[in-house]
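Architecture at a glance
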Amino acid sequence: MSPSNDSDAGMAVACSEIETDYSIVLSIVCCVFLVLGIVYTFLGYRCFKATMFQTGFMIGSVVLYIVCQEEDLLSPEGNVGVAIGAGVMFGLIAMLVIYLGLFLTGLLLGVMLGIAALLIIEIFYHPSTTWVSVGILMGMGVLFALLALKFSKGCTIISTSAFGGALVATAIDYFVEKLDMLMYIWERIKTVRSDTPCWFSWLILSMWPCMLFIGLFVQWKITSKDYHHDDAGDAGRSRRWNLKRVQDNGENPDKNTRAYRYYYQARRANGDVIAKVRYKA
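So, here is what we can say about the structure in this document. Here the structure is a predicted model, which is why all the values come from computation and not from measurement. (Residues numbered from 1 in each chain as written. Predicted model: local features only at pLDDT ≥ 70, side-chain atom pairs only at ≥ 80, totals over all residues. Heavy atoms only, no water.)

Some words on the packing of helix α3 (residues 48–71) against helix α5 (residues 98–124)
Cut-off, in case you're wondering: For helices, the fitted line uses only the C-alpha atoms of the stretch in contact; every axis is such a line through C-alpha atoms, and the angle between N-to-C directions lies from 0 to 180 degrees. Going along the chain from the N terminus, every DSSP run of H or I of four or more residues is numbered as a helix, and every run of E of two or more is numbered as a strand. Note on angle classes: values under 35 degrees are labelled roughly parallel, values over 145 roughly antiparallel, values of 65 to 115 roughly perpendicular, and the remainder oblique. Handedness of a crossing follows from how the near helix is turned relative to the far one, being left-handed for an anticlockwise turn of less than a right angle and right-handed for a clockwise one. Any two residues having at least one pair of non-hydrogen atoms within 4.5 Å are treated as being in contact. Residue polarity follows a fixed list, in which Ala, Val, Leu, Ile, Met, Phe, Trp, Tyr, Cys and Pro are nonpolar, Asp, Glu, Lys and Arg are charged, and the others, Gly among them, are polar.
The contact between α3 and α5 brings their axes to 9 Å, and the two run at 60 degrees. Classified by the angle their axes make, α3 and α5 are oblique. You can see that α3 and α5 cross each other, and the crossing is left-handed. For the pair α3 and α5, the contacting residues are F48, K49, M52, T55, G56 and I59 in the first and I98, G101, L102, L104, T105 and L108 in the second. When the residues that make up the contact of α3 with α5 are grouped by side-chain class, the tally is seven nonpolar, four polar and one charged.

Quick notes on α3
For the record, the criterion: Working rule for helices: expected span equals 1.5 Å times residues minus one. Each residue's exposure class comes from its accessible area (1.4 Å probe, protein chains only) as a fraction of the maximum for that residue type: buried when under 20%, exposed when over 50%, partly exposed otherwise.
Here α3 spans 35 Å end to end across 24 residues, near enough to the 34 Å set by a 1.5 Å rise per residue. Listed as buried for α3 are F48, T51, M52, T55, G56, F57, M58, I59, G60, S61 and C68. In the stretch just after α3, D72 is the one whose phi turns positive, near 55 degrees.

What to know about the nonpolar core
The condition is simple: In plain words, nonpolar cores are sets of buried Ala, Val, Leu, Ile, Met, Phe, Trp, Tyr and Cys residues tied together by side-chain atoms within 4.5 Å.
In terms of nonpolar packing, the biggest core is built from 23 residues, with M112, F163, L205 and W208 touching the most fellow members. Counting residues per element, the ones that place at least two in this core are α2 (24–43), α3, α5, α7 (152–177), α8 (180–189) and α9 (199–223). Those residues within four positions of W208 in sequence are excluded, and the remaining contacts are M112, A162, G165, A166 and A169. Of all hydrophobic cores here, the second largest spans six residues; its members include M52, L102, I157 and Y227.

A word on the packing of aromatic side chains
How two aromatic rings sit relative to each other is set out by the distance from centre to centre and by the angle between their planes. Selection criterion: Pairing of aromatic side chains here covers Phe, Tyr and the six-membered ring of Trp, requires ring centres within 6.5 Å, and sorts the geometry by plane angle: under 30 degrees stacked, over 60 edge-to-face, intermediate tilted. Two conditions define a charge located above a ring, namely a distance within 6 Å from the ring centre to NZ of Lys or CZ of Arg, and an angle within 35 degrees of the ring normal.
Taken as a whole and assessed by the stated rule, the structure comprises nine aromatic pairs. Aromatic pair Y174 and F175: ring centres 5.4 Å apart, planes at 70 degrees, arrangement edge-to-face. The class for Y174 is buried, based on a relative accessible area of 3%. According to the relative accessible area criterion, F175 is partly exposed, its value standing at 28%. Pairing W199 with F200 gives two aromatic rings, centres 5.5 Å apart and planes at 80 degrees, and the pair type is edge-to-face. Look at W199 and you get exposed, because its relative accessible area is 62%. Ring pairs connect the aromatic residues Y22, Y174 and F175, which therefore count as one cluster. It is K153 that lies over the ring of W220; its NZ or CZ is 5.9 Å from the centre.

Taken by themselves, the reported measurements are silent on function.
Here it is, written out as structure tokens:
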């Protein structure tokens, strides 16, 4: 039997069986991904601050973990600890500096669209060098990062819907085929030749655009309708400014509220005495 026939037989067996020996840690992580993916898809823009933190956390932790893993600098536990620490720092910066958060959100959108472009290119042509994939990812990432600074609401809705769909697809991919589709995507980024995924791998991958379009509809028509993150910030600043102005003028808002409440209770208890006096007059 030739090696190609052995490979085809191995693929047939792999595609006909679903392994169930799950890792507890990875199972918990994928369950968290599933919950975060649903929140991202349907409430990404509505929870703007939380979305900025999660985006910065994801980008910072994943990038640093990949670098530490490739360079073999620390033990696996050390790589995870350093990645989580860097992710928290990036998340806080992205949440507090809005323009940086929007830039990272647009960058994430561009990278995801670049990955989709690499999957389509692989059908017709296999790139011979990694610089092709790096150029596509970096070019589209920077392009959409700049667009996110200009069209903040639209790009944030698209990015959160796409990223939420990617998280849901990744979680399901683990429980069905132990992240085979995710590894196939990673090999497309590294321009490494690999076997064709199973038919249900493409079915799992199709959940990504499906969740994207569902999230776009829900966010645009329901959860993010008549809402803008700039208006929420302006409302908070306006309330703080009005309170400061009242305090600077020497007024006590609690005292005025108590006086009005006492006046209202007195009118109700005595049968609206002021109205009776006016009626008799």
